[in-house]
Every structure is written in C-alpha cells, then in structure tokens.
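Listed below, chain by chain, are the residues.
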Amino acid sequence: TTGYTYTNSSTGSFGMLSSEGRYTITTSPSLAHTNFIACEDHTSAPGNQMMVVNGANNPTNLWCQAVNVTPNTDYYFGTWVSNALNDPNVAQLQFSINGSTIGSIFSPSNTGCQWSQFYQIWNSGISTSADICILNQNTGISGNDFMIDDITFTTICYDYDSVNVTNVPSPVI
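This write-up is about the structure you can find in this document. No experiment lies behind these values; they were computed from the predicted model shown.

Scanning the chain from N- to C-terminus turns up zero helices and ten strands. Over its C-alpha trace the chain gives a radius of gyration of 21 Å, far above what one expects of a compact globule, namely 16 Å for 173 residues. Along the first, second and third principal axes, the C-alpha set of the chain runs to 80 × 50 × 30 Å. Looking at the chain as a whole, 42% of its 173 residues are labelled buried. Counting only carbon and sulfur atoms, one obtains 48% of the accessible surface of the chain, whose full area is about 9,400 Å².

What follows is the structure, given as structure tokens:
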C-alpha cells in the first residue's frame with residue numbers, strides 16, 4: 001500500500017507527475033515528469049522499472065506491506081534510492097516496522113540518478129507478522145522527488161566456522 005496516488009497518464013503540463021503526492025512505475029523518471037532526469041533503474045535485466053515519486057507536502061507512507069515473520073529472527077530491510085532532480089531538497093526517508101521507526105532518516109544524493117543503498121537490521125522478537133513501511137518525512141513541495149528500487153526484506157543467515165592456525169618454524173638456510 002502507499003499514501004501516494006498512482007498515475008499512469010498525463011495530469012498536467014509537466015507529465016504524469018505534475019502534481020505532488022503522486023507516483024508511477026516507469027523505466028525512466030524523465031518519462032513521468034519533463035523536469036526529471038533521464039536514467040535507468042538500479043538493476044539491469046530482468047527488471048528495468050522503478051517507482052518514481054513526486055513527493056507530498058506532508059509525511060506520507062511511501063510503501064507498506066504486511067509480512068509473516070519468524071519469531072526471534074534478524075531481518076534485513078533495505079532499498080535503493082535516487083534523487084529525480086539535481087536539487088538539494090531531497091526526500092527524507094525512514095523505515096518503520098509495526099508503527100515504530102527504525103534507524104535514522106536517510107536521503108539520496110543531491111545529484112539526480114545517483115543510486116544509494118540504505119538498510120536497517122530488525123529483530124522480530126516475539127512477533128509472527130510485521131507491517132513494514134518506508135515513510136517520506138520531507139514536507140517541502142519543491143524538489144523532494146525521487147526514485148526507489150529493489151525493496152528487500154529478508155532473513156539474515158549467520159554462518160560460523162573455525163580455523164586452526166599453526167605456526168610453522170622458518171626454514172634454516
């Protein structure tokens with residue numbers, strides 16, 4: 001789910017994302033808004049699309065999903081984000097789980113089309129389900145436009161091994 005409005009056709013003089021609080025799924029931000037930079041999503045084939053967002057002027061849940069989790073398990077919650085413009089008023093995103101924010105606010109670079117990865121580790125405790133969200137906390141109307149790609153929520157696997165180190169005397173020459 002999202003607090004943004006999905007748009008797949010032109011809504012104004014700048015294209016699909018002329019109005020704040022809207023998003024679309026596309027192969028390049030420039031196809032959604034004439035002022036956005038042309039670039040590709042973070043990953044190559046098979047995926048070539050990303051979520052492009054014209055930020056809202058109030059804190060808004062960008063993306064949420066209910067998932068089943070295993071109790072007492074560590075989870076990795078991450079995504080890739082980029083600015084859609086060359087603008088210093090960037091998105092201020094934050095992860096939340098079950099209504100509580102986790103980690104600090106993270107933001108993409110001021111430079112458009114420069115993908116950055118952000119993540120947090122979360123332990124499920126006694127929970128068997130989780131409502132995971134990414135919240136945009138930037139309320140500025142100008143700028144605050146961004147792309148998001150490759151949202152990941154997965155268990156962390158720990159693997160342990162031991163190594164025996166033996167000191168071999170130096171040879172006599």
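Following the structure, the description resumes.
One broad trend across soluble globular proteins is that nonpolar side chains are buried collectively. Counting residues in hydrophobic clusters, the biggest one holds 26 residues, and the most contacted among them are L62, F77, I134 and F153. At the level of secondary structure, the elements contributing two or more residues to this core comprise β3 (50-54), β4 (60-68), β5 (74-83), β6 (93-97), β7 (100-106), β8 (116-123), β9 (129-136) and β10 (145-155). When neighbours within four sequence positions are excluded, L62 is seen to be in contact with T1, T2, Y4, M51, V53, L93, I134, L135, F146 and I148. Of all hydrophobic cores here, the second largest spans eleven residues; its members include M16, M50, V52 and W115.

Moving on: the sheet that holds β10. Taken together, the six strands give an open sheet; going across it, the order is β1-β2-β3-β10-β5-β8, and neighbouring strands pair in mixed fashion. Two strands lie at the open edges of the sheet, namely β1 (5-6) and β8, each paired on one side alone.

Time to look at the sheet that holds β6. Across the sheet, which stays open at both edges, the four strands sit in the order β4-β9-β6-β7 with antiparallel pairing between neighbours. One side of each edge strand has no neighbouring strand; the edge strands of this open sheet are β4 and β7. Each neighbouring strand pair of the sheet contributes to a mean axis angle of 15 degrees, computed without reference to strand direction. Direction of pairing for β6 relative to β9: antiparallel, over a ladder of five bridges. Across the sheet, F95 pairs through a bridge with I134, a residue of β9.

With respect to burial, β3 is a largely interior element, five of its five residues being buried. Here β3 shows a buried face lined by M50, V52 and N54 and a second buried face lined by M51 and V53. Judged from the five bridges that link them, strand β2 (residues 22-26) and β3 form a sheet pairing that is antiparallel. By the bridge assignment for β3, T26 is matched with M50.

Looking now at the packing of aromatic side chains. For any pair of aromatic rings, geometry is given as the distance between the ring centres together with the angle between the planes. Throughout the structure, instances matching the rule amount to nine aromatic pairs. Aromatic side chains Y75 and F153 sit 4.9 Å apart centroid to centroid with 5 degrees between the ring planes, which places their arrangement in the stacked category. Here Y75 is found in strand β5, whereas its partner F153 is found in strand β10, with 78 residues between them in sequence. Looking at Y75, the relative accessible area reads 5%, which means it is buried. Geometrically, the ring pair formed by W122 and F153 is tilted, given 6.3 Å between the ring centres and 40 degrees between the ring planes. Placement of W122 in strand β8 and of F153 in strand β10 is noted, with a sequence separation of 31 residues between them.

Rules used throughout
Residues numbered from 1 in each chain as written. Predicted model: local features only at pLDDT ≥ 70, side-chain atom pairs only at ≥ 80, totals over all residues. Heavy atoms only, no water. Helix = DSSP H or I, 4+ residues; strand = E, 2+ residues; numbered from the N terminus. Rg over C-alpha atoms; globule rule 2.2 N^0.38 Å. Buried < 20%, exposed > 50% of the residue type's maximum accessible area, 1.4 Å probe, protein only. Areas by Shrake-Rupley, 256 points an atom, 1.4 Å probe, with all protein chains shown as cover. Core = buried A, V, L, I, M, F, W, Y, C linked by side-chain atoms within 4.5 Å. Contact = heavy atoms within 4.5 Å. Pairing = 2+ DSSP bridges. Axes fitted to C-alpha atoms, helices over the stretch in contact; angles between N-to-C directions. Phe/Tyr/Trp six-rings, centres within 6.5 Å; stacked < 30°, edge-to-face > 60°.

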